[in-house]
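Structural characterization, general
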Amino acid sequence: MFTFGIGFPVGGNAGVKQAAVEGIHYPYLSGRTLDPHRRLTAMALPLLPGNSFNRNIGKEKFHRSQHWGFCNNVRMLVSEDKPGIGGDLLPGQKIKPKHSVFPKGDGPDAPSWVAFDKQVLSFDAYLEDEVPDKRQENFRIRYYKIYFYLEDDTIQVNEPEVINSGLPQGTSIRRHRIPFPPPNDDQFYTVYDFNINISVVFYGRTFKIYDCDPFTRNFLKKIGIKLNPPGQRPFDPYMKMRRETLEFVDPFRPYQSFDTLKRFLQFDGKVLRFFCLWDDSTSLFGDRREFVLHYFLCDDTIEIREILPSNSGRDAMSSFLRRSKLPKFGPPGIYQPGQITDRAVLNVYGDLSEWRADGYLLDKYQLGKVEQDFYTDRDLSIGATINVWGRKVLLCDCDEFTKTYYKTKYGVDDFTPISCKPPPLPKIERKYPPYTGFGCEEDSFRSCVGLKPTPHRRNFKKFMELDSFGNVSNILRYFAKLVTHRCVDADRMFVIAFYLSDDTISVFEPVERNSGNAGGMFLKRSRVKKPGQEVFKSEFSEYVKAEELYIGATVNINGYLFRLLNADEYTLNYMENNTDKFPYSNLELAIQKLKQEKAKSREITQVFAAADYHHTKVVSYNAFRDILMSITMGKLIDQELITIARHYRVPESMDPDLTYLIAQAHEKFKKNMFENFDMFVYNCVYEDREKKGVLPTKDIRRMCKSFRLPLNDDFLDCLLSRFEDKNQEINYEIFFSLLNWRMNPTPDLQAPPYLKEKCEDIWVGMPSPIPVKYVRYFDFLLDVYGLEENML
């Protein structure tokens, strides 16, 4: 026994046989006899590609393809294209491609019929077709279109139709996969087999490709095909000779066809519209006249219609020019009958023989034809001046369809319009005579406007928006005091009401016993003029407006001076909600004035701390007002002080008795004759699906608003809160039974007697002179000056 260097023992010829069996060849052993007593050693080869001669190394498939099968119970060869053992091709065997070769892109891996759907390569080709039976020509050039469908590698060849060619044209080769010519007829054309300036053979016919469309050119470049330069398409000699013959041949009886049906079908109903102007103001009794020009694309005719303004004094004939062709150089003159015609007849013949029909000869040279130049769509544009039978008409503007038409056909982008309106006339100020003193100023003005005097028109829109409706009064009420030197009138109080619907003012004096004044209506509702105006003048007088009324202001009403002391809750809320008209009710502006006194912040803090000796962080309104007025030295007015005090006021606990609330509700129901309480109960029972006897408060409130219960929102919320439980639900039977003033009446309310001493706390027809009772000064100082609590 001896051992080879490759790592396995062999003995005599058995080792060589074993090596041969395992496919290992040792060339240095050929023709030699190994000595059994001698150890033969060879250099070991690594198991790497190229160092082994065994082709089966690394191979995993050794199956044999099934070439035989049964067809109609007969054993036969199924397929000749199947490979050999392990899928390897047999010697001389070629496998047909199962699918087309497409470029691999970066997009999703979609199937070809999706990725290349409706994408077709188009090639221009020609074919030299021999003509052996005619002596006029030996061959004929026929042009084709080759379409290659990328989705399935199918090819279609079409020949464009030529009129009177005498050849069957159209689809030459229907769409299918075309194989290569023999001997490669087992393969099909792919996209890589096409290029420019090459020849392809389809079923024995050689097509020469000379050009392609831009899409095909870009596609072939992207897949890496180097395109050849495009070639020239040769001319067909026979068609060239035939065309030259037809150009020189003109029959003696030419039939001139004027077929306008195609143009009519294409442009019927499509009209260009221009807005025009004819300035005839330079002539006697002339003026500027506006027109609309209609250009009909189907027959190049023009129609002009006039735009008649109201009260123009012209007849209602809007047609200025009837529809016809418009000559450029008109008026051209007067022509004889038959001078303008499409055909000129030279002679008429007939009855020469029995078989020859009547006929006529036309003038093929058109001698004596009148040349006329008419306007077309190319001559019309914005800013152009056309001649309409001697009238210069300027084109000023056009509609959207006309703009699209010129942009598409002629590439025009500038459609800047020209104004058709005349320059404005100088405005003459109309002067009216002064006020006569009879009636109001509006009545005197209306008597000067027309021959028949008409009443003055009120601002109805303002009246409807600001008139009183429901719980919204739109009336501003102020508590005022008469400013006078008379001691008797010094203590007289008045209520001034300003009506927003028509800017009128009424003044009422509350009745006070043993005052010596009758009280009642002091000034009926009317507009109040501002003082210092001339009475008899042509202009309207200025009247007192709502913006001039604020707390602290002094108003002159017909010579009486009134100082406004306070206002009711609705007036103060209205002024705070409309700070654009009432700037003194703007909290931010008032705070801004106080921030200017930041240097006195420590002094202000000490004064408030001294006033609050109980350390409750609140002070009375009078103390709050005196402190701010003394520190700001009159920079703040009473309206701004009240706005600040209302913002930082201490909420008053208004908790009236339930019996008193029910009595107030009954009083309102009696005044409005509201008795429809049974419908409330029926609806509540319907809404109570679980039959608990209670409903949420929001549902009860919604039901009261929908049935127009005559209670304002605040009063209704206060009343609902008395019947609400911890779950925010109300027993609707108890609630509506107590509100039913027919079934459960309550004693009538007794009006409290009016006392002047109680005017500060109780509103009885006039506002209280004290807007709030207590003010949270600590929060005020914290917001305005940013003071900490330890500084107080």
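Each remark here, short or long, concerns the structure printed above.
What this report covers is the structure whose coordinates are included nearby. (Residues numbered from 1 in each chain as written. Predicted model: local features only at pLDDT ≥ 70, side-chain atom pairs only at ≥ 80, totals over all residues. Heavy atoms only, no water.)

The subject of this paragraph is the sheet that holds strand 12 (residues 288-296). Strand order in the open sheet made by the 6 strands is 14-13-12-11-18-17, with antiparallel pairing throughout. Bordering the open sheet on either side are strand 14 (319-324) and strand 17 (385-388), each of which pairs with just one other strand. Strand after strand, the sheet turns through a mean of 35° between neighbouring axes, direction not considered. The pairing of strand 17 with strand 18 (residues 391-398) spans 4 bridges and is classified as antiparallel. If you follow Thr385 over to strand 18, its bridge partner there is Leu394. (Pairing = 2+ DSSP bridges. Helix = DSSP H or I, 4+ residues; strand = E, 2+ residues; numbered from the N terminus. Axes fitted to C-alpha atoms, helices over the stretch in contact; angles between N-to-C directions.)

It is worth spelling out the pairing of strand 11 (residues 271-279) at this point. The sheet contact formed by strand 11 and strand 12 spans 9 bridges and is antiparallel. Note that in strand 12 the partner of Leu272 across the bridge is Tyr295.

Turning our eyes to something else, we now look at the pattern of salt bridges. All chains considered together, the criterion is met by 41 salt bridges. In this structure, Asp503 engages Lys462 in a salt bridge whose closest nitrogen and oxygen atoms are separated by 2.9 Å. Of this pair, Asp503 sits in the loop between strand 20 (493-499) and strand 21 (504-509) while Lys462 sits in helix 8 (residues 460-466), and the two are 41 residues apart along the sequence. Asp503 gets classed as partly exposed once you look at its relative accessible area, which sits at 24%. When salt bridges with common partners are traced through the structure, they connect Arg486, Asp489, Arg492 and Glu509 into a single cluster. (Salt bridge = Lys/Arg side-chain N within 4 Å of Asp/Glu carboxyl O. Buried < 20%, exposed > 50% of the residue type's maximum accessible area, 1.4 Å probe, protein only.)

On the surface, a cluster of nonpolar side chains totalling about 320 Å² of accessible area is made up of Leu261, Phe264 and Leu265. Tracing the chain through its elements places Leu265 in helix 5 (residues 261-267). The exposure class of Leu265 is exposed, given its relative accessible area of 62%. (Patch = residues over 30% accessible without salt bridge, like charges linked within 9 Å, V, L, I, M, F, W, Y side chains within 5 Å. Areas by Shrake-Rupley, 256 points an atom, 1.4 Å probe, with all protein chains shown as cover.)

On to the packing of helix 12 (residues 621-632) against helix 13 (residues 638-647). Orientation of helix 12 relative to helix 13, taken along the N-to-C sense of each, is 125°, at an axis distance of 11 Å. Classed by the angle they form, the pair helix 12 and helix 13 counts as oblique. The handedness of the crossing between helix 12 and helix 13 comes out as right-handed. Within the contact between the two elements, helix 12 uses Tyr621, Phe624, Arg625, Leu628 and Met629 and helix 13 uses Asp638, Leu641, Ile642, Ile644 and Ala645. The class makeup of the residues in the contact of helix 12 with helix 13 is 8 nonpolar, no polar and 2 charged. (Parallel < 35°, antiparallel > 145°, perpendicular 65-115°, else oblique. Left-handed = near helix turned anticlockwise from the far one by under 90°. Contact = heavy atoms within 4.5 Å. Nonpolar A, V, L, I, M, F, W, Y, C, P; charged D, E, K, R; others polar.)

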